[in-house]
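# Descriptive analysis of the structure
Each chain, letter by letter, is given below.
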Amino acid sequence: MLPSSGRLRRSPNGRASRVRRCLAMIGVGLLLASGAAAPVGMLAPQAAFAVNPDEVLADPALEARARALSAGLRCLVCQNQSIDDSNADLARDLRLLVRQRLAAGDTDEQVIAYLVDRYGDFVLLRPPLQWDTMLLWAAPAAILLAGVAAAWLATRRSGRREVERLDAAEEAALAKAVDGELR
Amino acid sequence: MIVETGHYALILALSLALIQSVLPLVGARIGDARMMETGRSTAVGGFLLLALSFTALVVAYGTSDFSVLNVFANSHSQQPLIYKLTATWGNHEGSMLLWVLILGFFGALVAAFGRDLPESLRANVLSVQAWITSAFLLFILTTSNPFTRLVPTPPEGQDLNPILQDIGLAIHPPLLYLGYVGFSIAFSFAVAALIDGRVDAAWARWVRPWTLAAWIFLTCGIAVGSYWAYYELGWGGWWFWDPVENASFMPWLSGTALLHSALVMEKRSALKIWTILLAILTFSLSLLGTFLVRSGVLTSVHAFATDPARGVFILAILCLFIGGSLALFALRASSLETGGLFAPISREGSLVLNNLFLTTAAATVLIGTLYPLFLDVLGGAKISVGAPFFNLTFGPLMVPLLFAVPFGPLLAWKRGDLLGAAQRLYAAAGAALLAVILVIAFTRGVAVLAALGIGLSAWLMVGSFVDLWERANFRRAGFRIGLSRLAGLPRSAFGTAIAHFGLGATLLGIVGASAFGTEVITTMKPGDTVAAGGYEIRFEGLSQRTGPNFTAEVGTFRLMRGNAESGTLESSRRLYTARQMPTTEAGIRTRLFSQLYLSLGDADANGGATVVRIWHKPLVTLIWLGALVMAGGGIVSLADRRLRIGAPARRRHGKAKPAGATA
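Residues numbered from 1 in each chain as written. Chains lettered and ligands numbered in written order. Predicted model: local features only at pLDDT ≥ 70, side-chain atom pairs only at ≥ 80, totals over all residues. Heavy atoms only, no water.

### Concerning the overall build of chain B
Where we set the bar: Put simply, DSSP H or I for four residues or longer makes a helix, DSSP E for two residues or longer makes a strand, and each gets a number counted from the N terminus. Type-normalised accessible area, obtained with a 1.4 Å probe on protein chains alone, sets the label of each residue: buried when under 20%, exposed when over 50%, and partly exposed for intermediate values. Contacts between residues were defined by any pair of non-hydrogen atoms, one from each residue, lying within 4.5 Å. A residue counts as positive if it is Lys or Arg and as negative if it is Asp or Glu; His and the chain ends are not included. To locate a charge, the coordinates of NZ of Lys, CZ of Arg, CG of Asp or CD of Glu are taken.
When helices and strands are counted, chain B shows 23 helices and nine strands. Its C-alpha atoms put chain B at 85 × 80 × 55 Å along the principal axes. Across the 663 residues of chain B, 60% fall into the buried class. A separation of at least 24 residues holds for 73% of the contacts in chain B among residues at least 6 apart in sequence. Within chain B, one finds 48 positive and 34 negative side-chain charges whose respective centroids are separated by 13 Å.

Rendered as structure tokens:
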């Protein structure tokens, strides 16, 4: 099931070029973050030789699971990038690791548990729901509800204002004043 | 000499900005027309000085003057001239200068075109604008001077970061900044209104075109940035929920909300307080974006802590302006007169709904972006918040909003008829249903969600034009009268329809590319053929090429569609010699709205084989075309007569006593 070593292919100048490229990429990340021009997409590294043909598992169902899992796992040395997108050596190692575990018969949950055990929650692009991420996960709904409540209160208040305007006593006073003017 | 002139002009601009920060404001307080008038000349003068300063830097870049540290670090004599020039803003110092230049530009526009503004309002606006200019000029002069000299002069520069040597990234920052900074006008108007203690429909009528213009630029800027990321980064992703992207997206979301709430304020003088708050928040998010990108805090909290000079300065600016304006808001907002009652089901109500969802979405992006930072600073666990989180939270917030869009323009002001609106949307509902059925019938194994997504975009695209259709009344009035009626409708109605249509197109592109895209990753030897996206793709081989400042390995592919030749496609790997940095140049073939995207992976040792990644992305170009259509809608709306003449006719003369409480 594992990618056979015979199919593992290296670029002409091999590992050295890969390392250099990865370093260059991290360099780009730092440089961009510290102040290059363009905000959009800035932190994404510039080239992605992500999943390589030699990594692909023979079983398409297993490979699909591997891809889905990879998309949710962070390349730890990259800027906010999943191991599925990154060509850093570490990302490659993790991709192979994920495939190894899957091939060994792990469930998706077991693979994730294995990685979290090794690298911490940092490896998950989708943070787990726990006490210190409670605020994060609750925020969208809480804010929306607060907004709805505020809007509702505001309409009620303005509704009351409308009622006040039609207040009988005020009406009488107004009528009297108008009468006074007319008289 | 030119460089020193630029530096000197920058210092002069700061002094003018300081004068402008005080005199017009005091003039407005004591009702001195001459003092108020200084705002206009200092704004125009300051802008000219900034333009001079910026030009000096551009000249230094154009002539490859490596005695300037900034030019040395970001340019190379062999760069093509265009990238020599655009390198001016391809770095921290230069882009901050561009930021301030645009700030000055908008200030000068207010000074030049604000003749019809009430004098005290104009004076206050210009002063507030000058506070921002002063703060950022101080920042540039003390921590990020682009004019610093380097002794001795190095013979050659270090080259601009290769991935910035691209036309997309050449125009992306100016567009984005025109958007970011353009929101400063709305901010200045809001603060000026709070200082003045009064705000009326005329205020909204003034703020709306500025906001709209900024929004148009920001929309284009984000679209260009996204397309650049798509073709340059080499794996066909177009949005990454990266903090830096989020930094530009948050002001866009709240700016969009502001556009809509300003509409309510202009037409019905309701939502005044909220609109003012939103104007403050939108520019605050722009400032926050600037802080996030410029301070390096995103790379790591610790990197930020070890070299904090710039970060702390921007953080101080951030706190001063956001905190100050919010405090002022808290103090004065209650004194603003509210007005314009409306029922929940009404045009106003629908715009409130729009604001609810857009601001919640902006807040969600904000919290998602900053949460890992906060946890880290508080010494908590290190977590990542990435695309899966945003897809899970942002998506569900957008669906109800997008569903509601076609209803908005069909509801009457004050009290609308929801059922009536729904009845008039039958065509849109039919189109949506048809789209869902067609998608399910003609594709295999597609998720129901994707079909619903396509249906939603059909609903949006058809629904956007229902308002125009109804108002022209083709059915009863006949074609000719209908047409003349259509011609008589205000342009803003067309703007709304076009922009909403663009939104639907973008949605269609997003759903199409993410749900129906296919991918092939393989190793190809010359002569190999692979089928992808309806093409037969034959790899012809690799060849070496030399560019002005890079060498390239170009893969040539011959495309066949059916049995017909369909030309060749080139995809390359470049190595920029000065920095020894590789980039990919994807080969892209566009067919109607879909694209075949081919990028080269690692080359293989034996016989010129190479890893090839091929994606077929159906409808993908609609993502950006839709954004451009949205911006186009904005432009049409901006051309509306009301906005052009726009300015309030009423002119309060001279002694605009600070009216205070309930003016």
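And the narrative resumes.
### Quick notes on the confidence of the model for chain A
Residues and elements named next belong to chain A. Our working rule: On a range of 0 to 100, pLDDT expresses the predictor's confidence in each residue.
Of the residues in chain A, 65% reach a pLDDT of 70 or more, and the chain-wide mean stands at 70. When pLDDT is averaged over each element of chain A, helix α4 (residues 108-119) comes out on top at 93 and helix α1 (residues 14-35) at the bottom at 36. Segment residues 1-49: pLDDT under 50, and 141 contacts once partners within four positions in sequence are set aside and those in other chains are kept.

### Examining empty space enclosed by the protein
Residues and elements named next belong to chain B. What counts here: A cavity, in this analysis, means grid points on a 1 Å lattice covering only the protein atoms where a 1.4 Å probe fits yet has no way out; a pocket is instead an open set bounded by protein on both sides within 12 Å along at least five of seven lines, and a residue lines either one if it has an atom within 4 Å of a point. Grid points are joined across faces, edges and corners, and a volume is the space filled by probe spheres set on the points. Gly falls in the polar group here, along with every residue not listed as nonpolar (Ala, Val, Leu, Ile, Met, Phe, Trp, Tyr, Cys, Pro) or charged (Asp, Glu, Lys, Arg).
Counted under the stated rule, the structure contains four cavities of 30 Å³ or more. The space that makes up the largest cavity amounts to roughly 120 Å³. In this structure, the largest cavity is lined by 16 residues; those nearest its centre are Gln20, Ala43, Gly46, Gly104 and Thr133. When residues of the lining of the largest cavity are traced back to their parent elements, those giving at least two are α1 (2-30), α2 (33-62), α5 (92-113) and α6 (119-143). It is α2 that contributes the most residues to the lining of the largest cavity, five residues altogether. For the lining of the largest cavity, the class distribution of residues is nine nonpolar, seven polar and no charged.

### Digging into helix α7 (residues 167-196) of chain B
Residue and element names in this part refer to chain B. Rules: Expected span of a helix: the number of residues minus one, times 1.5 Å.
The end-to-end C-alpha separation of α7 is 45 Å, in line with the 44 Å expected for 30 residues at 1.5 Å each. α7 sits mainly inside the fold: 28 of its 30 residues count as buried. At the C-terminal side of α7, glycine 197 shows a positive phi close to 75 degrees.

### Thoughts on a nonpolar patch on the surface
Residues and elements named next belong to chain B. As a reminder of what qualifies: The patch calculation keeps residues exceeding 30% relative accessible area without a salt bridge and links them within 9 Å when they carry like charges or within 5 Å when they are nonpolar (Val, Leu, Ile, Met, Phe, Trp, Tyr). Each accessible area value is a Shrake-Rupley result obtained with a 1.4 Å probe; residue values ignore everything except the protein chains displayed when judging cover. Criterion for a salt bridge: a side-chain nitrogen of Lys or Arg within 4 Å of a carboxyl oxygen of Asp or Glu.
The grouping of Leu592, Phe593, Leu625 and Leu628 at the surface amounts to a nonpolar patch, some 390 Å² of accessible area in total. Within the fold, leucine 628 resides in helix α22 (residues 621-638). By relative accessible area, which is 44% here, leucine 628 ends up partly exposed.

### Examining the pairing of strand β7 (residues 587-591) of chain B
Residue and element names in this part refer to chain B. To be explicit about the condition: Following DSSP output, two strands are said to pair if at least two bridges run between them.
Note that β7 and strand β8 (residues 594-603) share five bridges and pair antiparallel. Within the sheet, the bridge partner assigned to isoleucine 588 lies in β8 and is tyrosine 597. Linking two consecutive strands that pair antiparallel, namely β7 and β8, is a turn of two residues; a positive phi of about 55 degrees is found at leucine 592 within it.

### Some thoughts on the pairing of strand β9 (residues 610-617) of chain B
Residue and element names in this part refer to chain B. Across the eight residues that make up β9, a large majority, eight, are buried. Across the two faces of β9 the burial is the same, with Thr610, Val612, Ile614 and His616 and Val611, Arg613, Trp615 and Lys617 all buried. In terms of strand pairing, strand β1 (residues 518-524) meets β9 through seven bridges, oriented antiparallel. Counterpart to threonine 522 in the pairing with β9 is valine 612.

### Some points on the packing of aromatic side chains
Both the distance between ring centres and the angle between the ring planes are used here to describe each pair of aromatic rings. Formally: Classification of ring pairs rests on two measures: the distance between centres of Phe, Tyr or Trp rings, Trp counted by its six-membered ring, which must be within 6.5 Å, and the angle between planes, read as stacked under 30 degrees, edge-to-face over 60 and tilted in between.
Applying the stated criterion across every chain, the model contains 36 aromatic pairs over all chains. With a centroid separation of 5.7 Å and an interplanar angle of 25 degrees, the aromatic rings of Tyr227(B) and Tyr230(B) are classed as stacked. With Tyr227(B) and Tyr230(B) both in helix α8 (residues 201-232), this residue pair falls three residues apart, about one helical turn. The buried category is assigned to Tyr230(B), whose relative accessible area is 0%. Taken together through their ring pairs, the aromatic side chains of Trp137(A), Trp215(B), Trp239(B), Trp241(B), Phe249(B), Trp252(B), Phe389(B), Phe390(B) and Phe394(B) make up a single cluster.

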